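Each chain, written out:
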Amino acid sequence: MSSILLVPIGKIVDPHIPLLKTPLEATFGLRVDTSTERSIDPAFAFEPSRNQYYSTQMIKHLLHLYSSFQGKILGVTPYDLYVPVLTYVFGEAQLDGTAAVVSSYRLDNSYYGLPADPLLLEQRLIKEAVHELGHTFGLLHCHEYECVMHSSTAVEDIDLKGERLCGMCTDVLARKNFRR
Amino acid sequence: MTDTQQPTPAVLIVDDEFVVRDSLSKWFREDGYRVETAEDATHALKLMSAGPWDVILLDIKMPGISGLELQKRLVEIDKEAIIIMITAFASVESAVQALKEGAFDYVTKPVDPDHLSHLVRNALRQKKLNDENIRLRQHISTISVTDELIGDSAPMKKVIELAKTVAKTDTTVMIRGESGTGKELVARTIHAHSGRRFFPIIAVNCGAVPESLLESELFGHERGAFTGAQHRRKGKFEMADGGTIFLDEVGTIGSKMQVQLLRVLESKQFTRVGGNETIKSDFRVICATNRDLEQAVKEGIFREDLYYRLNVFTIFVPPLRERRNDIPILATYFVKKYAAAMNKPVTEISTDTLDLLIRYPWPGNVRELENVIERAMVLAKPPSIVQTDLPFQLADSKSHPTKDTLSAIECHHIETVLHRTGWNIARSADILDIDRATLYNKIAKYGLKKP
């Protein structure tokens, strides 16, 4: 049976990886493991001119490192991510693929000049982790405001939605799993 | 998930950099869009055949044909597509140029994802509205043209041809014809084929409005202009702004209104009743009458100057009895119309019934025919209309002489007169201008019996 592998990229704040385990297992019905190897150094993805990390490179690196892994891989990083045409991304995923990466960098209120809110940060990270992994299962953005697959380009959007899939997305996920 | 009821929006990305194409296409695919990418103008032009594309994201700077040049060519192929320009550096000149050429917007790389997401959503909304607008306009033009003049006879073809020819101009049209021949339909056909078709056609039945109210009906009135004028009201001329005003039964209007009408037709300006403000309105005039206006002019009932102002282009609508070969087409049209309206599966008219319809003189013209068919449709048992479904005067086979001999016609005529007078012998003899004894003899001769 396939499973989900969580891979820390860079220095992850302590509870961030373990807190993802339960919601991910509940949503996707798969076992969630954490990579036992030491955290990956993402220097290879760093772009000095933007002072950001290229998320697509991180995904490529994960695929390379875990080429024999049968399941989905989610890289979790505290660094600011980008793709060349966009100013930033909260995460990136291979649509209907294997790997995804999610960043906590812009999920903390302190980034926006507000007092830090660790609990809110955790909630946002869970939502974005489910969201990016959802893409690897082939789920597209959902029009349902409360669905975790609703597109969010700002933290306010993330706060609006829940951490669960809506009924329709759950059905799509079930159909896709059945086909597999 | 994406709403499966809606067609998937299609996005075309044209950029020479692989990473841009790659990341943007991934990003849009996650949103459920259909995405294709092109690395240069040649490929983009080829992909246009795989469209239509709702949104095209176009890099301004590309080797070979530049984005600006490509934009022009893409618009030539599909002017409905919404183009968003992407620039590496915020170059005001090129962005201005792109917007002048009709680009929806432009963004600089790297793009804020929040901004891009809103921009594309707005672009799609705009596209949807544009498409809907085009569709509705087409729909309206089909609707306004569908209820067209029907007729295959030479005189009716001539009417249709004249109506369509004069429609293109702004000429005042006078439609002449007996009551019920479809003068309003001719007016509506002219309007529907004119450049004014997206504006209203306002019909005023001048004969149906009392003279005292016609002024306020046509020009509107201000609050308090007369007793009962509680609100300002727009007149028909004001409502017809941009469109057409159809003055039905124009021959019935009184001399005072004729003067006012003449002035409005010449200046296209008027004031509301009880108002001082001069109102301008751009309307085309179509009028109709079944009166002998020439005679009315001679008698001094109708102003000569107004007559010449209205009688610029005249269309005569022939009475139905002069175009009998249109009767089957019209009858079938009305059967279909009422079958749909009454949800009744009546689809045909029996041959002998149709024969009867063709022979009847139709003093009330098409309107009478329509009413006869409507009545018959109520009575008819599916699938066809038979003689007994027609009103008495039509269905009675005796109402027409069976032969063309003089005695057959005499018999028929006497019977008709007797029927009309309720078998009053004295009155019938009077009408027939024969004495009563002769009438009795003829009744006996032809074996006529009181019903």
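Residues numbered from 1 in each chain as written. Chains lettered and ligands numbered in written order. Predicted model: local features only at pLDDT ≥ 70, side-chain atom pairs only at ≥ 80, totals over all residues.

Asker: Is there a simple way to think about the interface of chain A and chain B in this case?
Answerer: In many reports, interface size means the accessible area that the parts give up when they come together. Counting residues at the interface gives 20 residues for chain A and 19 residues for chain B. Residue classes in the side of chain A that touches chain B are distributed as 13 nonpolar, 7 polar and no charged. (Contact = placed C-beta atoms within 7 Å. Nonpolar A, V, L, I, M, F, W, Y, C, P; charged D, E, K, R; others polar.)

Asker: How should I be thinking about helix α19 (residues 436–446) of chain B in this particular structure?
Answerer: Every α-helix winds through 3.6 residues per turn, so residues three or four apart in the chain are directed the same way. Burial within α19(B) is sparse, with just 1 of its 11 residues counted as buried. Note on α19(B): the residue one or two positions beyond its end, Gly447(B), has a positive phi of about 65°. (Buried ≥ 20, exposed ≤ 12 C-beta atoms within 10 Å, placed from the backbone. Helix = DSSP H or I, 4+ residues; strand = E, 2+ residues; numbered from the N terminus.)

Asker: Got a minute to help me understand unusual backbone geometry in this structure?
Answerer: One can expect most non-glycine residues to show negative phi and most peptide bonds to be in trans. Residues and elements named next belong to chain B. In this structure, Pro 110 follows Lys 109 across a cis peptide bond, with omega equal to -10°. Cis rather than trans, the peptide bond between Pro 382 and Pro 383 has omega equal to 10°. Here Pro 383 is to be found in the loop between α15 (365–379) and β16 (384–385). The phi torsion at Asn 365 lies on the positive side, around 55°, for a residue other than glycine. Note on placement: Asn 365 falls in helix α15.

Asker: Looking at this structure, how should I read the environment of Leu125(A)?
Answerer: Residue and element names in this part refer to chain A. Relative to the assigned elements, Leu 125 resides in helix α3 (residues 118–136). You can call Leu 125 buried: it has 27 C-beta atoms within 10 Å. The spacing of Leu 125 and Tyr 105 is 20 residues in sequence and 9.8 Å in space, taken between C-alpha atoms. Other than its neighbours up to four places away in sequence, Leu 125 contacts His 16, Ser 104 and Leu 107.

Asker: Looking at this structure, how should I read the sheet that holds strand β13 (residues 284–289) of chain B?
Answerer: Sheets are built from strands that pair by backbone hydrogen bonding, the pairs being arranged parallel or antiparallel. Residue and element names in this part refer to chain B. With parallel pairing, the 5 strands of this open sheet are ordered in space as β7-β10-β13-β6-β14. Strand pairing shows two members of the sheet lacking a second neighbour, β7 (201–205) and β14 (313–317), which therefore form its edges. Put simply, the sheet's adjacent strands are angled 20° from each other on average, direction ignored. Alignment of strand β10 (residues 244–248) against β13, held across 4 bridges, turns out to be parallel. Residue pairing in the sheet places Phe 246 in a bridge with Ile 286 of β13. Against the sheet, helix α6 (residues 154–167) contacts β6 (173–177) and β14, and its axis sits at roughly 155° relative to β14. (Pairing = 2+ DSSP bridges. Axes fitted to C-alpha atoms, helices over the stretch in contact; angles between N-to-C directions.)

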